Structures are given as C-alpha cells and as structure tokens.
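For reference, the chains in residue letters:
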Amino acid sequence: MIQVAQILFILSVLVILHEFGHYITAKMFKVRVEKFYLFMDAGFSLVKKKIGETEWGIGWLPLGGYVKLSGMIDESMDTEQMNQEPQPWEFRSKPAWQRLIIMLGGIIVNFILAIFIYSLMFSTTGQKTISVDKIQKDGLAFGEVGSKVGFKSGDKIISVDGKKYHDFKFVSMAVLFGDKVEIERDGEKLELQLTDEQKGEIIKKEGKGFVGARFSVNEFFIDSVGKNSNGIQPFDQIIGINDKKIKYVDEFFDIVRGGKIDSLQFLLKRDNQEIIVKTKIDSTGKTGLSLKSIKLIQNFSFDDAIVGEIAKDSEGEKAGIEPGDKILEVNNVKVSDYKDFKKILSLVKPNESIKLTVERENSQIELDSKLNKKGKIGLGFKDTKESEYIVREKLSIGQSIPEAFSQTWNMFVYNINSLKLILRPKTGAYTQVQSPIGIARRLPDNWNWEFIWEFTAMFSIGLAFMNLLPIPGLDGGHALFTIVEMITGRKLSDKAAGYVQTAGMIILLTLMALTFGKDIYQLVVDKLL
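These numbers come from a predicted model, not from an experiment.

Looking at this model, I keep getting lost on the overall build of the chain. Mind explaining?
Of regular secondary structure, the chain possesses 14 helices and 21 strands. Per-residue burial over the chain gives 44% buried out of 529 residues. Of the contacts made within the chain by residues no fewer than 6 positions apart, 65% connect residues no fewer than 24 positions apart. Looking at the chain as shown, the accessible area adds up to about 28,700 Å², and 57% of this sits on carbon and sulfur atoms.

Written out as structure tokens, the structure reads:
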C-alpha cells in the first residue's frame, strides 16, 4: 500500500503542476479554461466543483490529467464548439506564438520543478553521487552476461565514447547507450565495442546490475548448498579455491561460470578456523556438488539494519513486528549481524516458539514469534548505513542552482539515449518500458522523503521528455503543428486536426494498454509463483 501511495502522490504532484503550466499560460493570454482535472474523468468524476469559468475535479482513472481549453481539440475530443464561430477567448483565436507557449507551458513547469527540487536537495541534504573512483578502486564485478560480452571482473571503466563519468549511476547505462567502452585491465588500456545483440542480452538478463562493486569474501557466507554438499556447510565462508586464496566473491562466481570442472578444493572459514574440503563436482548434483546450488548471501551488521519488509501472513507479521524495528536479541542471545541471526534461527525447530527483543522508537519490547514449516520468519532487512561509495556534498544556494541545471540536463539526455536504445529492436529495450504499475513496484516499502523527491524530479524530466515527442495527442504533437504553421503560414484545418488527434489517441492508448497489460501480467505471475 505504501508503494501505491507513493506513486499516486508523485503522479498527483507532477500532473497538477504540468497541467498548471498549461493553465497559467492560457490565463496569461486570456484563453478560457473550461476544465482542470487530476486524472481522467471518462464517464464520471469523483469530485468536481465549478469556480468561475473553470470546472475543477478529480477523475476516477489515474492516467494523467488535463486542462480543457475553449476552442481546442484535445483529449476530450469535443468538436462541437469548433463548429461555432471563433470567439476572442478561444485557443484557436490566438496567434500561433501564444498557442505554442501554452502548449509548452506544462513541459516548462516540469523542467522548473526538477531544477527546484534538485536545488533544494543539493543545498539541504547535499548532492549525492556514487563515486566512480571509490567504487572501482579495486576494479568492478560483472555478472554472467557482462563477462560473456567481454568484460572481466577487476576491469575499470575509464570512459564511454570518450566521455568520463564521476557518478557511477550513469556508468552502466552509458555502456548500453554508447559504442566504445575504454577499460583498464591489469594496468593495460583496452577498448570494447558491444553489439546491439550483446546489449540486448544484458538488458534482458541482468539490466543495470550487470556491473557493480566488488565485495570481499569476508562479507558473504553460504546460506545453502543443496544435496551432496561433500562437507561444505551453511555459514561457511569461501576464502580460497585450489590452494589459492581469493579476495573477492566475484572470483568464486567466475569459477562457477567457467568450463567443466570435475573437482575442487575449497578453503573455508568455519567458526573462525580455516579448513580444507575437497569435493567432486557434478552439475546435476546427483553424484557430487553442484556449484550452482551454492547460495551465497551477504552479511551485514545489525547495528545499522532495520526490518524493511514483512511477508504477508508470515510469522513475523503475526508476532507484531513492524517495519523500522531493530532486532537486538533472539531467545535472550544478542545478535550482532545477519549471520548470527540466521545461525540462531537454524537451531530452532519449525513451529517452535522464539522470543525476539526489538528496539522500536528508542524503546525495547519483547515479542513472541515462531518459525514456519520451512524454518522462516518472513522478515527482510534494510541496511540504514549509507554506502561507503556515496559522496555527499552540501552546496550553497549559489552552487546548487547551476548544479541543478546540469543534473536536469543530464537526466534529459539520459531520456533521449533511452529512447534511442528502445528504437533499436535488436537490443530488446522496448520490452523494459514500464507503466506506473511497474514503476510503483520498484519504489521502497517505507516512506522516504528524500527518495520520493529525487524520484519526483527524475520522473518530472521524463514526463517533460515524453510530452515533447512529436506524437499527435501529446504536447509535442500540438507544438509541432503550430511550429509548421508559423513557418509555412498555413494552419491545419479543424477536420484534419480532429483526425490527427484521434490517430494520436489511438496510438497512445494502444501503447498504454500494452505496457499496463505487461506489468499487470507480471504482477499476477509474481503473486502466483
């Protein structure tokens, strides 16, 4: 429900301000505004009230919103008034340059909103970047597809198409947008050039997560090993393979992804002691250990961890655990990290009662819970400690405004590059386009104002970009015809404008049906499986 509330809040802010841009520019040029609606009122509205000449309301269908201007064919497809003689207060009676400003009013407000939010954030919470230098100090880790297309764990990305990046959140997408990737490998500079098919593999299977930070083996432990473990146990840490110590967990995954292996010698850390376990490897897991059955899980300190997610109808929910709780003790035993927590729970039998001591709003409370048949309690945790790779710099107002302009421009270019990628069918990027339902599922389960405003700014730029597209039915489509009129001196007839608007609405509704249908289908599948 929090995710739904967040997306509705963000959409409401963006739609109201976007439509206000059209409203205020229309009022500047004395155009009558007949309706101002948040969401669409197809058939009926939830709330409406006429103030002056304008009907203000909220529609029942949360798909954007609109202002209806007198003398304009828009989303309402009301052509009746177009059969009357033009009136001075109508949109169609105004000069082309005024109509163009009115059409671009919502887009301009979207850009102003993004700049305002970024300026405010940079001068209060600070400008937050993921330092490229910090995250790839010891190189980067790549997923299976990233390795397959030519990257190697330990590589450093120097530039993409000759451009260097300081904020890592732009790097992974820059690789997908660009053509030539300059990397540093073992002190030597190399150049990779990815094909659209290779980019498509990355997008389909791993997305932006195809590259990330390298993690020490000391940060991970074995959660499960499947059948025929050959002596390897849960909670072991893998610190070496075949007489060679490994430093990073990606080194183990590289071995797993490698060619056929008949046997391996593991160097493990168990109860603070190093032991050697020799295993027979069998990909089926029937006669030996299947490497793919080894599930590694990241450890984290409980000093900085709070409960983030609680599975519906889980034992944790029944016990009264709430998001934001901090687990202190299990059965009167202090837990210092996630590994400790999992270890203690592993000693408890299914359906057996456990006592949890949690910290909530600076007070300690005790809750009685138990494990389900699978030995689970149904809790997900969130690490509240900011990543060591994040750099925050609080800027003055004078510094924050130009930086906000720069960030807004960078995000606008990001949208342009995203569209270019979508229009290249071999990349399959078009399959990743999401509706508000898909976007809502990516939002956090807790209300985080910093995240919400940052997401609102990003979404505002995306909305401005989308509306700039020269598609009939969008602001960009109306603006294009107005610009053509200004150049040629010839205006599109009302009849032709009606046909164009209808075609545009059919295109937009079809695209919306496809994206909403895909996300609803995925939501149903995820709930059932």
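Past the structure itself, the notes keep going.
Please clarify how the environment of Phe302 should be interpreted in this entry.
Position of Phe302 relative to the elements: it lies in the loop between β14 (295-298) and β15 (305-310). A relative accessible area of 3% places Phe302 in the buried class. For the pair Phe302 and Asp337, spaced 35 residues apart in sequence, the C-alpha to C-alpha distance is 4.7 Å. Excluding anything up to four places from it in sequence, Phe302 contacts Lys326, Ile327, Val335, Ser336, Asp337, Tyr338, Phe341 and Phe381.

Honestly, a nonpolar patch on the surface in this entry has me stumped. Any pointers?
On the surface, a nonpolar cluster with roughly 490 Å² of combined accessible area is contributed by Phe44, Leu46, Val47, Ile58 and Trp60. At the level of elements, β1 (33-51) and β2 (54-69) are the ones that each hand at least two residues to the nonpolar patch. Examining the composition of the nonpolar patch, we find that three residues originate from one element, β1, more than from any other. Inspection of the secondary structure puts Ile58 in strand β2. Ile58 gets classed as partly exposed once you look at its relative accessible area, which sits at 34%.

What is the right way to look at the packing of aromatic side chains in this model?
Two aromatic rings are characterised by how far apart their centres lie and by the angle between their planes. Scanning the entire structure with this criterion turns up 33 aromatic pairs. When the centroid spacing of 5.8 Å and the interplanar angle of 20° are considered together, the rings of Phe451 and Phe455 count as stacked. Highlighted residues: Phe451 and Phe455, both in helix α12 (residues 449-468), separated by four residues, approximately one helical turn. Looking at Phe451, the relative accessible area reads 30%, which means it is partly exposed. Cluster of aromatic residues (ring-pair linked, three or more members): Phe221, Phe235, Phe300, Phe302, Tyr338, Phe341 and Phe381. The positively charged end of Arg32 is found above the aromatic ring belonging to Trp89, 4.3 Å away from the centroid.

Looking at this structure, I do not really get the nonpolar core. What am I missing?
What tends to happen in soluble globular proteins is that the nonpolar side chains get buried as a cluster. Grouped together as the largest cluster of nonpolar side chains are 27 residues, with contacts concentrated most on Phe151, Ile157 and Val175. Counting only elements with at least two residues in this core, the list comes to α3 (132-135), β4 (140-142), β5 (156-160), α5 (171-177), β6 (180-185), α6 (196-205) and β8 (211-213). Of all the elements, α5 adds the most residues to this core, at six residues. Among residues more than four places away in sequence, those in contact with Ile157 are Gln136, Leu140, Val171, Val175, Val181, Glu182 and Ile183. Among the nonpolar cores identified, the runner-up in size contains 25 residues, and Phe235, Ala305, Ala319 and Ile321 belong to it.

For this particular structure, what's the right way to read helix α2 (residues 96-124)?
The α-helix advances 3.6 residues per turn, and as a result positions three or four apart in sequence lie on the same side. If you check α2, its first and last C-alpha atoms are 42 Å apart, about what 29 residues at 1.5 Å a residue would give, namely 42 Å. At Gly105, α2 shows its largest kink, close to 45°. Positioned one or two residues after α2, Gly126 has a phi angle of 100°, which is positive.

Explanation requested: the side chain of Lys199 in the structure shown.
Assignment of secondary structure puts Lys199 in helix α6. Apart from residues no more than four positions distant in its own chain, Lys199 is found in contact with Val175, Leu176, Phe177, Gly178, Asp179, Leu194, Arg424 and Thr427.

What am I meant to see in empty space enclosed by the protein here?
Left-over empty space is what a probe sized like a water molecule reveals as it rolls over the atoms. Inspection of the entire model under this criterion finds one cavity of 30 Å³ or more. Looking at the largest cavity, its volume works out to about 50 Å³. Looking at the largest cavity, the residues that line it are Val217, Phe220, Phe221, Ile238, Ile246, Tyr248, Val249, Phe252 and Leu296. Secondary structure elements with two or more residues in the lining of the largest cavity: β9 (220-224) and α7 (249-256).

Reading the values: the criteria
- Residues numbered from 1 in each chain as written.
- Predicted model: local features only at pLDDT ≥ 70, side-chain atom pairs only at ≥ 80, totals over all residues.
- Heavy atoms only, no water.
- Helix = DSSP H or I, 4+ residues; strand = E, 2+ residues; numbered from the N terminus.
- Buried < 20%, exposed > 50% of the residue type's maximum accessible area, 1.4 Å probe, protein only.
- Contact = heavy atoms within 4.5 Å.
- Areas by Shrake-Rupley, 256 points an atom, 1.4 Å probe, with all protein chains shown as cover.
- Patch = residues over 30% accessible without salt bridge, like charges linked within 9 Å, V, L, I, M, F, W, Y side chains within 5 Å.
- Salt bridge = Lys/Arg side-chain N within 4 Å of Asp/Glu carboxyl O.
- Phe/Tyr/Trp six-rings, centres within 6.5 Å; stacked < 30°, edge-to-face > 60°.
- Lys NZ or Arg CZ within 6 Å of the ring centre and 35° of its normal.
- Core = buried A, V, L, I, M, F, W, Y, C linked by side-chain atoms within 4.5 Å.
- Expected span 1.5 Å × (residues − 1).
- Bend = angle between axes of the 7 residues up to and from the residue.
- 1 Å grid on protein atoms, 1.4 Å probe; cavity = no way out; pocket = protein on both sides within 12 Å on 5 of 7 lines; lining within 4 Å.
- Points joined across faces, edges and corners; volume = space filled by probe spheres on them.

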